[in-house]
Amino acid sequence: MSKFCTFNFSINSALKQYIFLFTFFLIFGSAAHATHNRAGEITYRHVSGVTYEITIRTYTKSNSPADRPWLGIDWGDGTPPDSLQRISNVILPPSSRFIKENLYRKLHTYPGSGTYEICVTDPNRNADILNIVNSVLVQFSIQTILRISPAFAANSSPTLTNLPLQDACFQQPWIYNPGASDLNGDSLSYSLVFPQGVDCAELSPIIYSYPDRIPQNQFPNPGNQISIDPLTGTVTWISPQQLGEYNIAILISEWRNGIFLGSVLRDMQITVVLCDNVPPEMDALRDTCIEAGQQLNIGIFADDPTGGQLNISGFGPAFEVNNSPATVLQFGVNAPVEADFSWNTNCTHVRLAPYQTNIQTTDDGPGVSLVAIETFNITVVAPAPEFLVATATGSSIALTWEPSICDQAVGYKIYRRINLFGFIPDVCETGVPAYTGYVEIADIEGVDNNSFLDEDEVIFGRVNCYMVIAYFADGAESYASNEACAEIRFEIPIIKKNSVGITAEAGTDTIFWRNPIELDPDIFPGPYAYQLLRSDGYGAPTELVLETPEVNTLAELVTSFVSNPLNTADTAHSYRVVLFSGGEVAARSNVASSLFINLTPNDNQMGITWTENVPWINFRYDIYRQDEGVGEFEFVGTSDQVGYVDSGLVNNRNYCYYIVSHGSYFAIEEADTLINFSQQTCAQPFDRTPPCPPVIDLEGSCVDYTIDLNWTNPNLECPETDDVMLYNVYFSPIEGGEFEVIEVLDGDWNTAISFVFENSIAGCYAVTALDSLSLWPDGELRQNESDFSNIICIDNCPEYSLPNVITPNGDGLNDLLMAFPYRSIQSVEFTLFNRWGGIVFETTDPDIAWDGTNQDTGEIVSSSTYFYTCKVFTIRLSGIEPVNLSGYIQVFTDRNPPAEE
């Protein structure tokens, strides 16, 4: 399948006239004046409320007569443009590089929530930038986006620590990192974008090209690629191929919990020079984690193929924290060299986001100093809460632990599971991972709140184990505490039976329980009484159904109850027993529900599932069946899992079922087998099983617009399927779109179809199989449809291009500007400009068919070069995709145009 190949540029239609007028002014204008801008960026710092301190840094030619003691700014909030006074200007060494750093700063108060595009524009860039056409006349602009929203806390932009003016060696790798640091712990992403010009609008592709693109044809040279790591921000230019100055723009976007906070655009300059140097080399550094309070030491090794001297340095937020920043200590300077990264961490360093750390090795030339950069992440984790203890007290378990040593913690999370896991966290394993089986049961605010009483259905007979973690405002979690376990004693009433006696709307449940034999009568003296509480379904029981009279001893208490009349046909019922001592609650049982079954009829079979919420463990379920609702129930099978399929049944015949469960608390104090009955329920099996889905294969031609689709026959390929009768063919014109049936084919053998289209084959295809008609319980005849087959999508291969010469001279040859034969094009937006930026012709017809006349005057245009922009709307699998083209047309209106080269 051929690919759509063209220039892919994006030009804002509102800027078309400016671009072409400005471009031709660059080409034909003769005026020039002193200019100086080389690099810069805008950063901001939150002060209070909606007030921010805005800082502008620019880097200019120190030997240029142009100077800016004041710099204009658009705050982006609709207020009038303002100006910032320069607070410092320093010529950076060596003076031969002519670099002056200019610093401007001012407070600004915004009106409230919103997204503000802060823009600084200054005439002009320095001359002779190779990838900016006539750069001496191109305005220099930088932009920063600031978002203020109640959805997130006030934010400060990242700061950039590495200079934006760098030298590179001809045909040697050039590596650079802006050294962006965000002390808030927000995530940063990086991309290379076009620099900006007038009013912070992106420069036109006619004016700007990336350094790795050959100016003549705009295609990348494989040995000359420049790219940026979107996660670390490290820029790599594999092999600069031409001497001179280049500018690139790095967009640094800031994110918090997936929410875009803002961005900083750094415009920077690279000077490629001749030199005999090659970059140094470093051993890779791996991501790591460290417990707060411990010292992290990492060895660094670097070498230089040229054998010179090396300097190892570090940058990133770990080096900029206010309290105990990281350091790099180098041992010697002559290659090879070693250094030690050292960070004495503490609780102030704990945060959810890792500290992205850059180690840079810089050589001493010859000529240009080159660098190697290794980036790794450090996560600082809070220590685990210590000395967790679990103690059973009645029907609850009390937990205590030592408060976190990190005062910055805002609370604790409590986790519970049945039985000890033996969890030992890995060095980077924070919190309590789900694979341990622990489930969070509580969230306690306050670093000093170091106790918890678990009253949430702590089950008798089970070993209940706990872990605790500390958590922080940004979502960071500590290591997990030790595991602490405890078991409820027989100090609570124990429900042994909740069994359905009669299934009916006015049926019965039978409930039986045992007295708490280990209850201390000295702590809980008589008189004693019980309350039995009930709920429909599986919720916490609240309805009082039994209240016994007070007695002097536990042995005198009633321990069973028949609950009636009760709708046992439609829902389960749950119960709790509450023991009173001297009129006060002494203990309560765990909740125990009745066993409730559901039937799922299918083709010649019945699926049986059941639901229960009981404190004991059921280890066996016996299933009983009655045919046609008459006669005795017969045993049909047993299961140790929840779920059973009764097969070999007759469709549309009535079958009734109930289940008997067998269980135990598996506790020494209560070793009896507990037997309980479910309700009885009936249903009729019928064919509701869809066929197996077919498997499709597809061949298509984006040139001939043909599709050949074929698929497997489920009757032959799938043992579960034997009655496929027809197929539905589904189609969606875009990936992820809605599918519609486009063909229905009768017969299970009919497994192929072909399509011929006019302008597009783009779309996604699927096939389903349908079985024979069957009778359903509602008396209707229905067919079951299979799931979708595998979905196969195919795309177009759009093609569109224009000639660059026409001769509208009436000789019948090449009189019209016509597009070359094209494919899969919906429409275009074509605009033709003269050399002064005036519009000569516009159309949306993909054929173009321009006859050389000015659309305003109707007269044939003069022989000249005309420039166009053309947004081509291609038909693709993803939908209608615009592709931006630009170029020129040579128009010759005389009879004998010059021959083309």
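Residues numbered from 1 in each chain as written. Predicted model: local features only at pLDDT ≥ 70, side-chain atom pairs only at ≥ 80, totals over all residues. Heavy atoms only, no water.

### A short note on the overall build of the protein
Along the backbone of the protein there are two helices and 63 strands. Its C-alpha radius of gyration of 39 Å places the protein more than 25% over the 29 Å reference for a compact globule of 901 residues. Taken along the three principal axes of its C-alpha coordinates, the protein extends 115 × 75 × 55 Å. Counting over 901 residues, the protein shows a buried share of 51%. (Helix = DSSP H or I, 4+ residues; strand = E, 2+ residues; numbered from the N terminus. Rg over C-alpha atoms; globule rule 2.2 N^0.38 Å. Buried < 20%, exposed > 50% of the residue type's maximum accessible area, 1.4 Å probe, protein only.)

### Here we look at the sheet that holds strand S53 (residues 763–771)
The strand order across the open sheet formed by four strands is S51-S50-S53-S56, and the pairing between neighbours is antiparallel. The two strands at the open ends of the sheet, each matched to only one other strand, are strand S51 (740–746) and strand S56 (792–794). If you compare each strand with its neighbour and ignore which way they point, the axes differ by 25° on average. Relative to S53, strand S50 (residues 724–732) runs antiparallel, the two being bridged by eight bridges. Residue pairing in the sheet places Asn728 in a bridge with Thr768 of S53. (Pairing = 2+ DSSP bridges. Axes fitted to C-alpha atoms, helices over the stretch in contact; angles between N-to-C directions.)

### With respect to unusual backbone geometry
Peptide bonds are, in most cases, trans, and in most cases residues other than glycine have a negative phi. Note that the residue after Pro123, namely Asn124, is joined by a cis bond; omega there is -20°. Considering the arrangement of structural elements, one finds Asn124 in the loop between strand S6 (114–122) and strand S7 (140–148). That bond from Ala335 to Pro336 is cis: its omega, -5°, falls within 30 degrees of zero. Residue position: Pro336 is located in the loop between strand S21 (327–331) and strand S22 (337–344). For Asp128, which is not glycine, the phi torsion reads 70° and is therefore positive. With respect to the helices and strands, Asp128 occurs in the loop between S6 and S7. Overall, the relative accessible area of 65% leaves Asp128 in the exposed class.

### Remarks on the state of the cysteines
Per the stated rule, a full pass over the model turns up nine disulfides. Here Cys692 engages in a disulfide with Cys718; their sulfurs sit 1.8 Å apart. With a gap of 26 residues between them, Cys692 in the loop between strand S47 (681–683) and strand S48 (696–701) and Cys718 in the loop between helix H2 (714–717) and S50 connect regions that are remote in the sequence. One exposure class covers both Cys692 and Cys718, and it is buried. With a sulfur-sulfur separation of 2.0 Å, Cys764 is cross-linked through a disulfide to Cys793. (Disulfide = S-S within 2.5 Å.)

### Focus on the nonpolar core
Phe341, Trp343, Ile359 and Ile378 are the most contacted members of the largest nonpolar core, which totals 75 residues. Not counting residues up to four positions away in its chain, the partners in contact with Ile378 are Thr288, Ile290, Leu296, Phe341, Trp343, Pro354, Tyr355 and Thr357. Of all hydrophobic cores here, the second largest spans 27 residues; its members include Ala168, Ala180, Ile226 and Val272. (Core = buried A, V, L, I, M, F, W, Y, C linked by side-chain atoms within 4.5 Å. Contact = heavy atoms within 4.5 Å.)

### What to know about the packing of aromatic side chains
Taken as a whole and assessed by the stated rule, the structure comprises 38 aromatic pairs. Relative to Tyr435, the ring of Phe423 has its centre 6.4 Å away and its plane inclined at 70°; by these criteria the two rings are edge-to-face. Placement of Phe423 in the loop between strand S27 (411–418) and strand S28 (439–445) and of Tyr435 in the loop between S27 and S28 is noted, with a sequence separation of twelve residues between them. Look at Phe423 and you get buried, because its relative accessible area is 10%. When its relative accessible area of 53% is taken as the criterion, Tyr435 is described as exposed. With 5.5 Å between their ring centres and 55° between their planes, Tyr800 and Tyr822 make a pair best called tilted. With Tyr800 in the loop between S56 and strand S57 (805–806) and Tyr822 in the loop between strand S58 (817–818) and strand S59 (825–833), the pair connects residues that are 22 residues apart, well separated along the chain. Using a relative accessible area of 2% as the deciding quantity, one classes Tyr800 as buried. Three or more aromatic residues joined by ring pairs form one cluster here, namely Tyr624, Phe633, Phe635, Tyr658 and Phe677. The residue whose ring lies beneath Lys413 is Tyr471, and the NZ or CZ to ring-centre distance is 5.4 Å. (Phe/Tyr/Trp six-rings, centres within 6.5 Å; stacked < 30°, edge-to-face > 60°. Lys NZ or Arg CZ within 6 Å of the ring centre and 35° of its normal.)

### Section: the environment of Asp199
With respect to the helices and strands, the residue Asp199 is situated in the loop between strand S12 (187–193) and strand S13 (226–228). Sequence separation between Asp199 and Phe140 is 59 residues; the distance between their C-alpha atoms is 9.3 Å.

### Quick look at the side chain of Asn854
Here Asn854 is to be found in the loop between strand S61 (848–850) and strand S62 (864–876). We classify Asn854 as buried; its relative accessible area is 18%. A polar contact of 2.8 Å, which involves the side chain of Asn854, links it to the backbone nitrogen of Asp856. Look past the residues within four positions of Asn854 in its chain and what remains in contact with it is Val840, Glu859 and Val861. (Polar contact = N/O pair within 3.5 Å; in protein donor to acceptor, adjacent residues only side chain to side chain.)

### Regarding the pattern of salt bridges
This structure, assessed with the given rule, holds 26 salt bridges. Across the pair Glu53 and Arg45 runs a salt bridge, and its minimum N-O distance is 3.2 Å. In this structure Glu53 comes out as buried when scored by relative accessible area, which is 18%. The exposure class of Arg45 is partly exposed, given its relative accessible area of 41%. One salt bridge connects Arg653 with Glu628, and the closest N-O pair in it is separated by 3.4 Å. Of this pair, Arg653 sits in the loop between strand S44 (644–647) and strand S45 (655–664) while Glu628 is found in the loop between strand S42 (617–627) and strand S43 (634–639), placing the two residues 25 residues apart along the sequence. (Salt bridge = Lys/Arg side-chain N within 4 Å of Asp/Glu carboxyl O.)

### Brief notes about the side chain of Ser789
You can see Ser789 is positioned in the loop between strand S55 (781–782) and S56. If we skip the residues at most four places from it in the chain, Ser789 touches Pro693, Pro694, Ile696, Ala766 and Val767.

### Details of the confidence of the model for the protein
On average, the protein scores 90 in pLDDT, and the residues at 70 or more come to 94%. Predicted confidence is poor over residues 1–34, with pLDDT under 50, and the contacts of this stretch with residues over four places away or in other chains come to 82 contacts. Note that residues 216–220 has pLDDT below 50 and, in this model, eleven contacts with residues that lie over four places away or in other chains. (pLDDT = per-residue confidence, 0-100.)

### Remarks on a nonpolar patch on the surface
Together, Ile617, Phe619 and Phe666 give the surface a local cluster of nonpolar side chains, amounting to about 290 Å² of exposed area. With respect to the helices and strands, the residue Phe619 is situated in strand S42. Look at Phe619 and you get partly exposed, because its relative accessible area is 36%. (Patch = residues over 30% accessible without salt bridge, like charges linked within 9 Å, V, L, I, M, F, W, Y side chains within 5 Å. Areas by Shrake-Rupley, 256 points an atom, 1.4 Å probe, with all protein chains shown as cover.)

### As for the sheet that holds strand S25 (residues 389–393)
If you walk across this open sheet you meet the three strands as S25-S26-S29, and the pairing is antiparallel. The open sheet has two edge strands with one neighbour each: S25 and strand S29 (451–454). Strand after strand, the sheet turns through a mean of 20° between neighbouring axes, direction not considered. Across four bridges, the pairing between strand S26 (residues 396–400) and S29 is antiparallel. Bridge assignment links Ile397 to a residue of S29, and that residue is Asp454.

### Concerning the environment of Asn482
By secondary structure assignment, the location of Asn482 is in the loop between strand S30 (463–471) and strand S31 (484–487). Residue classification places Asn482 among the partly exposed residues on the basis of a relative accessible area of 34%. With 58 residues separating them along the chain, Asn482 and Ile424 place their C-alpha atoms 8.6 Å apart. Setting aside anything within four residues of it in sequence, one finds Asn482 in contact with Pro385, Glu386, Phe387, Leu388, Tyr466 and Met467. A polar side-chain atom of Asn482 sits 3.1 Å from the main-chain amide nitrogen of Leu388.

### Section: the pairing of S21
Where S21 and S22 come together, five bridges link them in antiparallel fashion. Residue pairing in the sheet places Phe331 in a bridge with Glu338 of S22. Taking the residues between adjacent antiparallel strands as the criterion, S21 and S22 are bridged by five residues, where Gly332 takes a positive phi near 85°.

### Quick notes on the environment of Trp749
Relative to the assigned elements, Trp749 resides in the loop between S51 and strand S52 (752–756). Expressed as a C-alpha distance, the spacing of Trp749 and Met725, which sit 24 residues apart in the sequence, is 9.0 Å.

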